[in-house]
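Overview (structure and organization)
Here is what each chain is made of, one letter per residue.
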Amino acid sequence: MSKLKLLVTSALPYANGPIHLGHIAGAYLPADIYVRFNRLLGNDVVYICGTDEHGVPITLRAEKENVTPRTIVQRYHEDIKKAFQRCNIVFDTFSGTSHMHNKHHASLSREFFMYLNKNNLISVKLTDQHFCPKCQRFLADRFIEGSCPRCGFAEARGDECSNCNYQFDPLELKNPKCKICQDAPEIRSTKHWYLRLDVMQKELEKWIAGKTYWKENVVTFVHGWFKQGLKERAITRDLYWGVPVPLEEAAGKVLYVWFDAPIGYISATMEWAEKNGNIDKWKEYWQNPECRVVHFIGKDNIPFHAIIWPAMLMGQRQNYQLPWHIPANEYLNFGFSADDKSVKASKSVGNVVWVHECLDIFPADMVRYCLAACAPEKQDTMFTWKDFQLKCNSELLGVIGNFANRVLKFIANNFNSQVPGSALLSERDKEVLAKIRLTPKEVERLYANFDVRNAVAEIVNLSRLGNQYFDEKAPWKSVKENKRDCEACMFVSIQIVNALAVMLSPVIPESAQKLWEQLGYKDKICKWEQASQEIAPGHTIGTPTGLFQKIEDDVIAPLEEKLASAIQKAAQAAPEAKLAIETKAVETTTATATTPVPAQAQATVASVQPPAATPTGKAKSISLDLFQTLDLRIGEVIEAEKVPKSDKLLKLQVKIGSEMRQVVSGIAKYYTPEQIKGKKVPIILNLEPAKIRGIMSEGMILCADVEGRPVLLLPEQDVPSGAMVK
RNA sequence: GGCGGGGUAGCUCAGAUGGUAGAGCGACGGCUUCAUAAGCCGCAGGUCACGGGUUCAAGUCCCGUCUCCGCUACCA
């Protein structure tokens, strides 16, 4: 078989936070395994990654911490890089998209823009938008409020009145205010550039039609987009942190982060090439029709890699290689087991297992093994510490490690560390040998098809067979009664150990190499054929030692408890304690902005990420008089019911003294009607009435806001309904 | 509500092109001692969410229902 040329990438993690096990399981470990496997086959592989370092979330975080975006980027770049190193995920280069990590990136990004422009694949639109002089940014619809142009309702949102349901252009809004600083924005016209995906749809469809070998989840997703029809997508933003748009008329604008991020795959390859002494070497991959480009990503990244990125590459008309494969994985959820049931969970930051906290306790190979064995390849899967313990103890240690150990020790103790001969092989011996020869072929096929789970299962099965065979032959008996038979058994058994070491090496490189050395080899595992290469009689093995340590309950218990309590804490706030929150495997840290935003909405700064939390003390101070204009009372909730066709809304009948009020409240995710019924809660009475989902709401229940979760405020002792709140 | 994905043994999950339901773990009962008390064998366990339909035959195709999850809308 001729050797392949492969350019492999993993989604660029976004440099504003650490990475968790879900990221590893989804986009990095499968890629690392694939790369290691292909190298064993002798294929020419370059493995590229780096942090995604532009975009609004980073600037917001920087502003919040009062540091520069560079500081944020640098911090998480280092954190993430270190996490990968500790995991033994080895890139040929781990770069980044900002100038401090990659000097080719900006110029290549500009080039991408220019070629697209030249090829008429970019359009320009001039639009008027609200601009806040104080915040120095354009405001997305959700960051403006004002009075409704039709009914005058004072708190209309940017483009829609919640009172009269009138939808309007944000520019029609009267008395607009910046939601972040409350100042009045001015209207400025701003120009933005759009990628003409619409005109490229046919070409894309044609290209993807040939991808019959792609994973089903990817194909389905892409077809969904085609069915809707591709739309133009803004590729520029008014922002200071990013790659400047290479046009004079675009001063103060940068390329949208999702546009420049995937270009990082190429610019990082350039950087790698340069480091290796030949800057042009990147072309041997990216512009070589023989090269296969493989992007490992999480499922939230499918549209970018399967549609937008290929469109950008096609649109260059520079013979770039389009993705050959996009093995997108699903999500790894985190959970815990209680009463033999698994409770799924987590979404908020505390409810995931961070890579660093895991590696502080366990060796990388155990983590790698476990994540490979239950990788979310076709479906979301669940991580629990108990499963982790079980997988490591029963498979890695019990089935594999123990088998290798018993074989090696037996040879060491009874054959003076010399592999015995194969003079007399029984039918059964031959049968097992045949199986040993077949397994690497099958595992090779599975690895090549991105089917790591089954590859691992197949390897474990071979080890199981080894244990069965070993027990069946009972060499500890035959060593005394029938030495020939014992010799045959050892000869066959050690071939299994040999195959296991090689086949496992992509998954658990350190342990596999250790085992290899225990087999008596001085070199490295470096060829897939070594899996089926027979150890000759007379070969001297090394010193057997245990490969893995058993994970005891008292190590797992506190970890599980920690995760469980975090999850339960979140669930407590939910009605019926059934809140099952999930964490995405590749959530915020994927190569590109993740939320598809309508093309029109993208042009403003704040459309992707909520604003930083208002720091205490920053709100404008108000007079006592103004405060006293609020009619704050205690009301008793008499009736409560869910608003149909809505997830978050409860319709409440509240008694304030002798008066009844109907209030709609967005707390249904956290309180059932039963839970709130009979409660006495603070309520603002003189808020302008509003219609929500067609239901009148005449007041507002006050809640504490805990990371977006409402928490009811209840009087410390019983108070009559209607009592003033001052 | 819209879009997307699920509901298969106690638990976690497999089940191309329709043909008598699978694995691992757990439970239960045995065997073994070479090996990190690891290993091996046996047994139990499912009306494949529910209701219709197509078919000689459906977990697998079609329609409907319920339910769970994700994104999205609703949070006065």
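Structure shown above.
In short, a report on the structure. (Residues numbered from 1 in each chain as written. Chains lettered and ligands numbered in written order. Predicted model: local features only at pLDDT ≥ 70, side-chain atom pairs only at ≥ 80, totals over all residues. Heavy atoms only, no water.)

Considerations on the sheet that holds strand E5 (residues 137-138)
The criterion, for reference: Strand pairing is assigned whenever DSSP detects at least two bridges linking the two strands. Helix and strand assignments follow DSSP, with helices taken as H or I runs no shorter than four residues and strands as E runs no shorter than two, numbered in order from the N terminus.
Taken in spatial order, the four strands of this open sheet run E5-E4-E9-E10, and their pairing is antiparallel. Of all the strands in the sheet, just E5 and strand E10 (233-234) have a single pairing partner and so form its edges.

Here's the deal with the nonpolar core
Rule in force here: Working definition of a nonpolar core: buried Ala, Val, Leu, Ile, Met, Phe, Trp, Tyr and Cys residues. They are joined through side-chain atoms within 4.5 Å. Buried, partly exposed and exposed residues are distinguished by accessible area as a fraction of the type maximum, computed with a 1.4 Å probe on protein chains only: under 20%, between the cut-offs, and over 50%, respectively. In what follows, residue pairs with any heavy atoms lying within 4.5 Å of each other are defined as contacts.
In this structure, Val8, Leu21, Phe112, Phe259, Ile266, Trp385 and Phe388 are the most contacted members of the largest nonpolar core, which totals 183 residues. The element best represented in this core is helix H16 (residues 483-504), accounting for 14 residues. Beyond its immediate stretch of four places on either side in the chain, Trp385 contacts Val353, Cys358, Phe362, Ile556, Leu559, Glu560 and Leu563. Counting 16 residues, the second largest nonpolar core, distinct from the first, contains Leu652, Val663, Ala668 and Ile676.

A word on the packing of aromatic side chains
Keep this limit in mind: For Phe, Tyr and Trp, where Trp contributes only its six-membered ring, two rings pair if their centres lie within 6.5 Å, and the inter-plane angle classes them as stacked under 30 degrees, edge-to-face over 60, or tilted in between. Geometrically, a charge over a ring is one whose NZ (Lys) or CZ (Arg) sits within 6 Å of the ring centre while staying within 35 degrees of the ring normal.
Per the stated rule, a full pass over the model turns up 31 aromatic pairs. Every member of this aromatic cluster is reached through a ring pair, and the members are Phe112, Tyr265, Trp282, Trp286, Trp309 and Tyr320. Above the plane of the ring of Phe415 lies Lys483, whose end atom (NZ or CZ) is 4.9 Å from the centre.

Looking at the sheet that holds strand E21 (residues 659-665)
Read across the sheet, five strands follow the order E21-E20-E19-E22-E25 without closing on themselves; strand pairing throughout is antiparallel. Looking at strand neighbours, the two that pair on one side only are E21 and strand E25 (700-701), the edges of this open sheet.

Points about the pairing of strand E4 (residues 122-132)
Note that E4 and strand E9 (residues 186-195) share 10 bridges and pair antiparallel. Across the sheet, residue Lys125 finds its bridge partner in E9, namely His192. Where E4 and E5 come together, two bridges link them in antiparallel fashion. Across the sheet, the residue bridging to Cys132 is Arg137, located in E5. Remark: four residues form the turn of the hairpin made by E4 and E5, two consecutive strands paired antiparallel; Gln136 in that turn has positive phi of roughly 60°.

Details of the side chain of Gln518
Tracing the backbone shows Gln518 in helix H17 (residues 509-518). When neighbours within four sequence positions are excluded, Gln518 is seen to be in contact with Leu408, Ile541, Gly542, Thr543, Pro544, Thr545 and Leu547.

A short note on the side chain of Glu271
As a reminder, the rule being used: We count Lys and Arg on the positive side and Asp and Glu on the negative side, and we leave His and both chain ends out. Salt bridge criterion: a side-chain nitrogen from Lys or Arg within 4 Å of a carboxyl oxygen from Asp or Glu.
Among the secondary structure elements, Glu271 is positioned in helix H7 (residues 257-275). Although Glu271 lies buried, it forms no salt bridge, and the closest oppositely charged side chain, Lys275, sits 4.6 Å away as judged by the N-O distance. If we skip the residues at most four places from it in the chain, Glu271 touches Thr93, Ser95, His101, Asn102 and His104.

A short note on unusual backbone geometry
Even without being glycine, Asn120 reaches a positive phi, approximately 60°. Note on placement: Asn120 falls in the loop between helix H4 (105-118) and E4. Judged by relative accessible area, which is 62%, Asn120 ranks as exposed. One non-glycine residue, Asn319, adopts positive backbone phi at about 60°. Among the structural elements, Asn319 can be located in the loop between helix H9 (302-314) and strand E14 (323-325).

With respect to the pattern of salt bridges
In total, this model carries 33 salt bridges according to the counting rule given. Residue Glu203 pairs with Arg317 through a salt bridge whose shortest N-O separation is 3.0 Å. With Glu203 in helix H5 (residues 197-209) and Arg317 in the loop between H9 and E14, this pair connects stretches of sequence that are 114 residues apart. Glu203 sits in the partly exposed class, given a relative accessible area of 33%.

With respect to the packing of helix H14 (residues 452-473) against H16
Spelled out, the test is: Here, axes are lines fitted to C-alpha atoms. For helices the fit covers the stretch in contact, and angles between N-to-C directions go from 0 to 180 degrees. Geometric relationships in this document are graded by angle, where less than 35 degrees denotes roughly parallel, more than 145 denotes roughly antiparallel, 65 to 115 denotes roughly perpendicular, and other angles denote oblique. Each crossing gets its handedness from the near helix: less than a right angle anticlockwise from the far helix is left-handed, clockwise is right-handed.
Between H14 and H16, the shortest axis-to-axis distance is 10 Å and the interhelical angle comes to 165°. On the basis of their axis angle, the class for H14 and H16 is roughly antiparallel. In the crossing of H14 with H16, the sense of the turn from one axis to the other is left-handed. Residues Ile459, Leu462, Ser463, Gly466, Tyr469, Phe470 and Lys473 of H14 form the contact with H16, whose own contacting residues are Asp485, Ala488, Cys489, Met490, Val492, Ser493, Ile496, Ala499, Leu500, Met503 and Leu504.

That's the geometry; what it means functionally is another story.
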